[in-house]
Amino acid sequence: QDKEEELGLEVRELLFEKAAADVNFGARLLTSLRSHAVHYCHERDLLSIIPEAHQCLLNRMRSHIERLTSGDPEDCLSSRLCRAFPLPTHRGRLTRGTARLERKRAGGATGAQVLVYDLEPLEAGETADVERVQVLLKEDDAAGSTLMWESAAANLLGLLERLILESEDIQALLKECGLRKEDVRV
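Keep in mind the model is a prediction, meaning the values are calculated, not measured.

Draft legend 1. Looking closely at the environment of S78. Its location among the elements puts S78 in the loop between α4 (52-70) and β1 (85-86). The sequence separation of S78 and T98 amounts to 20 residues, and the corresponding C-alpha distance is 5.3 Å.

Draft legend 2. Focus on the pattern of salt bridges. Throughout the structure, instances matching the rule amount to seven salt bridges. Here R91 and D22 are joined by a salt bridge, their closest N and O atoms 2.5 Å apart. Within this pair, whereas R91 is found in the loop between β1 and β2 (93-98), its partner D22 is found in the loop between α1 (2-21) and α2 (23-35), the two being separated by 69 residues in sequence. Of the residues examined, R91 reaches a relative accessible area of 49% and is grouped as partly exposed.

Draft legend 3. Layout of α4. Its 19 residues place the ends of α4 27 Å apart at the C-alpha level, agreeing with the 27 Å of an ideal helix rising 1.5 Å per residue. Every buried residue of α4 is listed here: H54, L57, L58, M61, R62, H64, I65 and L68. Projected onto a plane normal to the axis of α4, the buried residues spread over an arc of 160 degrees and lie on a single side. Opposite the packed face of α4, turned more than 90 degrees from it, sit the exposed residues E52 and S70. Trailing α4 by a residue or two, G71 shows a phi angle of about 95 degrees, which is positive.

What counts, and at which threshold
- Residues numbered from 1 in each chain as written.
- Predicted model: local features only at pLDDT ≥ 70, side-chain atom pairs only at ≥ 80, totals over all residues.
- Heavy atoms only, no water.
- Helix = DSSP H or I, 4+ residues; strand = E, 2+ residues; numbered from the N terminus.
- Salt bridge = Lys/Arg side-chain N within 4 Å of Asp/Glu carboxyl O.
- Buried < 20%, exposed > 50% of the residue type's maximum accessible area, 1.4 Å probe, protein only.
- Expected span 1.5 Å × (residues − 1).
- Arc of directions from axis to C-beta.

This is the structure we're talking about:
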């Protein structure tokens, strides 16, 4: 039990270090914590250790997610006055909110909606055309209406696997727990 707990703390520390260094990873980690209804203390701790500039971006993203789940699409519309935040499904790009008021159904049994966003570069001064993208939004009623950004969660799981497999400390802990690399593959 103690080794498993130690492994969990090591993985958490590794994830938080990566989030502190990369705001896009932080955005994906934050949405993953939310979508899987992980205890709030992890979200709080994550936001406490990352650089202040990243914290501002992620807090704007959290605010947008809360407005999305509140059910009033008008609160999510982009404005030139809005400050940008990362869109976890599109690494290295920022958005100011949804580009359209109306939402269309994605079809199927999930009740997913298609949202439209205009993206801009992450780095100030970077010249790139504004790109219009569609993002799938799914609210999972079975999990207490937690917001799911499906591609972000899938990407994060793959990245987590790579981080675990690259870390010598994590490898040593896996071995102590009687686990192999194959046991943690996503």
